[in-house]
Amino acid sequence: LQEHGLDFQRLLDASAYKETFRQDMIRWGEEKRRADPGFFCRAAVEGALHPVWVSCWGRTRGAWGGCRVGAEGAPVQVVSDTRRLSDVEWFRDVYGDVVQTVRVVATEETRKRRNWVFVTGVDDAESECGLDQGVAFDWVITNDGDELALGEQLETLLQSLHRSL
C-alpha cells in the first residue's frame, strides 16, 4: 500500500475506490506469493506473542481484527480474510493444532442486498474463491442478516476459544 500511495482505510470498505485498484492489488499479491508463499502470513503474525491463531475467511467482508480473550486476557489473534489454501497450510504448519479455521458465509441473495455485484476476473479469481474447496473448516458462521443467529454462533465460537486457553 505504502509503495503504491493507496489509502488503506478506503481499501477496507466496499467502495468504488477499492474496486478501482482490486485487480492491480490481486496481481501484486500474486507476484509476492510466487516469490515467497509465506510473505503475507509472516506479515500477519509480526509482533504477536504466543498467539492462538484463528483463521477467518468468508464471503461477507466482516470487521474481524485482533482481540484478547481468556480469564487472564490470554491472547487470541484473529487473521481475517485468509484467501488461499497455501495460507491455511502455512498457519497449520507453523502453529499446529491451535489453528482454528472459520468460514463466514452468506447467500448470494444476501450478498446482493449488500450491494455485491459479481465481476468476472475478480470474483472468480483465487483471491476470492481459493478456499471454496480443499479446506475442512473448524467453524462455519452464517451471516445472512439475522443478528441474533449471528450473535449465537459467534458466542459459541468464543466460548470454545475460552475453553481452549
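Residues numbered from 1 in each chain as written. Predicted model: local features only at pLDDT ≥ 70, side-chain atom pairs only at ≥ 80, totals over all residues. Heavy atoms only, no water.

Looking at an unreviewed UniProt entry, one finds the protein chain named Phosphomevalonate kinase and attributed to Tyrannus savana. Recorded in UniProt under Pathway (unreviewed entry), the annotation for the protein chain is "Isoprenoid biosynthesis; isopentenyl diphosphate biosynthesis via mevalonate pathway; isopentenyl diphosphate from (R)-mevalonate: step 2/3." Here the protein chain is described in UniProt, under the heading Subcellular location (unreviewed entry), as follows: "Cytoplasm, Cytosol". (UniProt positions renumbered as here; feature names shortened; annotations may be inferred.)

Glancing now at the overall build of the protein chain. Each helix and strand counted, the protein chain has seven helices and five strands in total. In the protein chain, the succession of helices and strands from N to C terminus is α-α-α-β-β-β-α-β-α-α-β-α. Considering the protein chain as a whole, with its 165 residues, one finds that 35% of them fall into the buried category. (Helix = DSSP H or I, 4+ residues; strand = E, 2+ residues; numbered from the N terminus. Buried < 20%, exposed > 50% of the residue type's maximum accessible area, 1.4 Å probe, protein only.)

Right, let's get into the packing of aromatic side chains. For the structure shown, the criterion picks out seven aromatic pairs. Aromatic pair Trp90 and Tyr95: ring centres 6.4 Å apart, planes at 65°, arrangement edge-to-face. Judged by its relative accessible area of 25%, Tyr95 falls in the partly exposed class. Note on Trp116 and Phe118: the rings are 6.2 Å apart at their centroids and 80° apart in plane angle, and the pair reads as edge-to-face. (Phe/Tyr/Trp six-rings, centres within 6.5 Å; stacked < 30°, edge-to-face > 60°.)

What you see with strand E5 (residues 139–142) is a clean split: Trp139 and Ile141 sit on the buried side and Val140 and Thr142 on the side with no burial. Where strand E4 (residues 100–105) lies against E5, four bridges are found, and the strand directions are parallel. Its bridge partner being in E5, Val104 is matched across the sheet by Ile141. (Pairing = 2+ DSSP bridges.)

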